[in-house]
Amino acid sequence: MLKNTALCVLLLALIVLCGAAVKNKKDKTVIKPTSTSAANTPSSGWFTGPQSPSGDDEIREICENVEDFVVNIRRELHKFPELMYKEIKTSAYIQEVLTDLDVQFSPGWGLNTKTDRITGHGGTGIVAQIGTGSSPVVLLRADIDALPITEEIASNIKSQNEGRMHACGHDGHTAMLLGAAKVLKGMEGSFEGTVKLMFQPAEEGGAGGKRMVEEGVLLDSPKVDLAFGIHLWPALPSGTVGGKPGVVLAACDRFEILISGVGGHAAMPHLVVDPVVAQASIISSLQTIVSRKLSPLESGVVSVTKIEGGSAFNVIPGAVTMWGTVRSLTDEALRKLMGSVEDITKGIAETHGCNATVRWSPDYYPPTVNDDELWFNLGEKVASKVADSGAITPTNPTMGAEDFGFIAQSVPSNFYLLGQSSSTVKTDWNLHHPKFTMDETVLKRGVELHVRSALDGLAMLAKNKKSEF
Ligand SMILES: [Zn+2]
Ligand SMILES: [Zn+2]
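Rules used in this analysis
Residues numbered from 1 in each chain as written. Chains lettered and ligands numbered in written order. Predicted model: local features only at pLDDT ≥ 70, side-chain atom pairs only at ≥ 80, totals over all residues. Helix = DSSP H or I, 4+ residues; strand = E, 2+ residues; numbered from the N terminus. Buried ≥ 20, exposed ≤ 12 C-beta atoms within 10 Å, placed from the backbone. Contact = placed C-beta atoms within 7 Å. Expected span 1.5 Å × (residues − 1). Arc of directions from axis to C-beta. Axes fitted to C-alpha atoms, helices over the stretch in contact; angles between N-to-C directions. Parallel < 35°, antiparallel > 145°, perpendicular 65-115°, else oblique. Nonpolar A, V, L, I, M, F, W, Y, C, P; charged D, E, K, R; others polar. Pairing = 2+ DSSP bridges.

1. Brief notes about the overall build of the protein
Part 1: Looking only at helices and strands, the protein features 12 helices and 16 strands.
Part 2: The proportion of buried residues among the 469 residues of the protein is 47%.
Part 3: Here the contacts in the protein between residues at least 6 apart in sequence split such that 80% fall between residues at least 24 apart.

2. Points about helix H7 (residues 275-286)
Part 1: The end-to-end C-alpha distance of H7 is 16 Å, a good match for the 16 Å that 12 residues give at a rise of 1.5 Å each.
Part 2: Listing the buried residues of H7 in full gives Pro275, Val276, Ala278, Gln279, Ile282 and Leu286. Taken down its axis, H7 places every buried residue within 155 degrees of arc, on the same side.
Part 3: Among the structural elements, strand E8 (251-260), helix H8 (288-292), strand E10 (300-309), strand E11 (315-316), strand E12 (319-328) and helix H9 (331-351) are those in contact with the buried residues of H7.

3. Quick notes on the packing of helix H3 (residues 67-79) against helix H12 (residues 443-467)
Part 1: At a minimum axis separation of 9 Å, H3 and H12 run at an interaxial angle of 110 degrees. For the element pair H3 / H12, the angle class is roughly perpendicular. Contacts between H3 and H12 involve Glu67, Val70, Val71 and Arg74 from the first element and Leu443, Lys444 and Val447 from the second.
Part 2: Partitioning the contact of H3 with H12 into residue classes produces 4 nonpolar, no polar and 3 charged.

4. A word on the pairing of strand E4 (residues 194-200)
Part 1: Taken across its 7 residues, E4 has 7 buried, putting it largely inside the fold.
Part 2: Where burial is concerned, the two faces of E4 agree: the one with Thr194, Lys196, Met198 and Gln200 and the one with Val195, Leu197 and Phe199 are both buried.
Part 3: As defined by bridge partners, strand E2 (residues 122-131) adjoins E4 across 6 bridges and the pair is classed as antiparallel. Paired with Ile126 across the bridge in E4 is Phe199.
Part 4: The sheet contact formed by strand E3 (residues 137-143) and E4 spans 7 bridges and is parallel.

5. As for the sheet that holds E3
Strands in a sheet are paired, the pairing made by backbone hydrogen bonds, and the direction either parallel or antiparallel.
Part 1: Pairing is mixed in the open sheet, where 8 strands are placed in the order E1-E2-E4-E3-E5-E16-E6-E15. The sheet is open, and its two edges are formed by strand E1 (104-111) and strand E15 (393-394), each paired on a single side.
Part 2: Each of E1, E2 and E4 is contacted by helix H6 (residues 208-215), which is oriented at about 115 degrees to E1, the strand it contacts most.

6. As for the sheet that holds strand E13 (residues 355-360)
Part 1: In space, the 4 strands of this open sheet follow the order E10-E12-E8-E13, with antiparallel pairing throughout. Edge positions in the sheet fall to E10 and E13, since each of these pairs with one other strand and no more. Across the sheet, the mean angle from the axis of one strand to that of its neighbour is 20 degrees, orientation sign disregarded.
Part 2: Here 10 bridges tie E8 to E12, and the two strands are oriented antiparallel to one another. Counterpart to Phe255 in the pairing with E12 is Gly324.
Part 3: Contacting E8, E10 and E12, H7 runs over the sheet at an angle of about 165 degrees to E10.

7. A short note on unusual backbone geometry
Part 1: Following Ser135, the chain continues into Pro136 via a peptide bond in cis, with omega recorded as -5 degrees.
Part 2: Its place among the elements puts Pro136 in the loop between E2 and E3.
Part 3: Cis rather than trans, the peptide bond between Ser221 and Pro222 has omega equal to -5 degrees.
Part 4: By the element assignment, Pro222 lies in the loop between H6 and strand E5 (226-233).
Part 5: Unusually for a residue other than glycine, Ala202 sits at a positive phi of about 55 degrees.
Part 6: Along the chain, Ala202 falls in the loop between E4 and H6.
Part 7: Classification of Ala202 by C-beta neighbours within 10 Å gives buried; the count is 29.
Part 8: Even without a glycine there, the phi angle at His432 is positive, about 70 degrees.

See below:
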């Protein structure tokens, strides 16, 4: 009897164990690709066009399904914009979303190493990972910081941080990448390799992207093979995707020029050394740099954007300060501009008996360059699939700058401009304007750009790896 009972218990235990094993197996079932990957097709070059692991229509539908999720995140982020290296709440919020999505991540990236020049501790960057955790690797990047601008649009998502505004669309960029995280997590197991998601602080002049590159975001295992970034672009209509091979955004640096003289009574200018007159002459002469120092075939910008000095109409100040920016499409031309700014400033200041010091930012931004081969074999095709017209909108380079340039310097990269100007949503104001408005309907297209870039990029890398054997 006892023996029979023991046998029954053993049998029951086996049935339960088998059931659990079946359940676990079911839980770990991977989503299979719905169409044949191009991985078996012989490759003719290292960048040859891939097929998406899923059908084109299906990817569009999956990305459209996360629209509400993405728009809600964007609205939440828009309410609490934070400046570079101080994106504490923003970072915590992103981590919360990634945790909910069951996506692995490491926080603490993007520490501010230039605290003598830029305030804020940093460490608000995040690197998340989806996929096998091994090679090949595609990196998708979003920036998370806001600007010191007071928002002038009345809405229920208006900035609650006085004097701070997401006026460059980085709230949308972050939301789109989290949307891509949701989609790619749902497809995990259906693609070979890893997608790294980079949420970087301090894009607006703090070189947060460079800090993360220095910290190893590209080289840490698994090493990044390709990278993609997106900027919402009010100059292009909604439904379009812009871009080009080669340089898309300029190299940029900013200057701070202090001109010191000897102040005194405005009625007795012969007894002072007037820095205001010296400054006026310097500002005019700086405008000759682009026309007389740079080749007419090169592009350049020298702009003085802020001047400060003096306290009364009848007092000549002892010193004045001015700030501005230089930009060009090549590093070489940028260096020429910088050298000319220094020479002209110091020479004219000396002529006036003043002293001038010129300070540059701790990190100049290099031009953002789209890798030609990657663009023709992948970027342009992906952008065309996402655009309503089925074709990329060719764009000229812009003198705007991006610290995605630091990434594009290190690995083959493509940067897209996502059109966001709509007749139904009034989005006439440009980036960095207190009335900048986002056409949220394009965010799902940004998700699609990310997802397609990642999947097609991984498929291409896997195919090319196989062809090496
Ligand atoms: Zn900006
Ligand atoms: Zn921006």
